[in-house]
Amino acid sequence: MPENENCGNTPGERIRWARFEIGLDIVDVAHGTGLCTGTISRIENGRAQTVEIETLRKLAPILKQTIAFLGCFDLLPESTLAERIRKARLIHRLTKSEFAAKIGTNEKTVRLWERGKCSPTIKSMKILAPYLEILQ
């Protein structure tokens, strides 16, 4: 995490902070990422409900920050298995679909795990273990 403690606690605040730090305006970021200025503005102003991994992948290089920092993954809770699975997936910079493919399941199963609607089997936990190690 950058030394400046005023970088914010939401993806929008951190994206705006990073943009200001390197002296870019929204048009510059839009041009460099292929995102619409309106999308960037909505994110920065907290009007976007979520910021997708794909969007963070586009923003991180131009803003010279990590996906995890911009997405505030460091602030995500990890007190339940569901929260730990979601946080680990995000820190690994994977969408639900990509994560499912890597661990040999489907996106619906990952979604159910992350919502705490069902738990992974012992076999699935063995596959998940290396991904969850990042949280230790």
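Below: a short report on this structure.

Scoring rules and cut-offs
Residues numbered from 1 in each chain as written. Predicted model: local features only at pLDDT ≥ 70, side-chain atom pairs only at ≥ 80, totals over all residues. Heavy atoms only, no water. Axes fitted to C-alpha atoms, helices over the stretch in contact; angles between N-to-C directions. Helix = DSSP H or I, 4+ residues; strand = E, 2+ residues; numbered from the N terminus. Parallel < 35°, antiparallel > 145°, perpendicular 65-115°, else oblique. Left-handed = near helix turned anticlockwise from the far one by under 90°. Contact = heavy atoms within 4.5 Å. Nonpolar A, V, L, I, M, F, W, Y, C, P; charged D, E, K, R; others polar. Buried < 20%, exposed > 50% of the residue type's maximum accessible area, 1.4 Å probe, protein only. Polar contact = N/O pair within 3.5 Å; in protein donor to acceptor, adjacent residues only side chain to side chain.

Some remarks on the packing of helix α1 (residues 11–21) against helix α4 (residues 53–63)
Packing of α1 against α4 brings their axes to within 10 Å, and their N-to-C directions diverge by 30 degrees. The orientation of α1 relative to α4 falls into the category roughly parallel. The handedness of the crossing between α1 and α4 comes out as left-handed. Facing α1, whose interface residues are Ile15, Ala18 and Arg19, α4 presents Leu56, Leu59 and Leu63. Of the residues belonging to the contact of α1 with α4, the class tally is five nonpolar, no polar and one charged.

Points about the side chain of Thr95
By the element assignment, Thr95 lies in the loop between α6 (81–91) and α7 (96–103). Judged by its relative accessible area of 12%, Thr95 is buried. Those residues within four positions of Thr95 in sequence are excluded, and the remaining contacts are Ile53, Glu54, Arg57 and Arg89.

Notes on the packing of helix α2 (residues 26–33) against helix α3 (residues 37–44)
Following both chains from N to C, one finds α2 and α3 inclined at 120 degrees, their axes separated by 9 Å at the closest point. Judged by the inter-axis angle, α2 sits oblique to α3. The crossing of α2 and α3 is right-handed. For the pair α2 and α3, the contacting residues are Ile26, Val27, Val29, Ala30 and Thr33 in the first and Thr37, Ile40, Ser41 and Glu44 in the second.

Remarks on the side chain of Arg14
Here Arg14 lies in helix α1. A distance of 2.9 Å separates a polar atom in the side chain of Arg14 from the backbone oxygen of Phe69.

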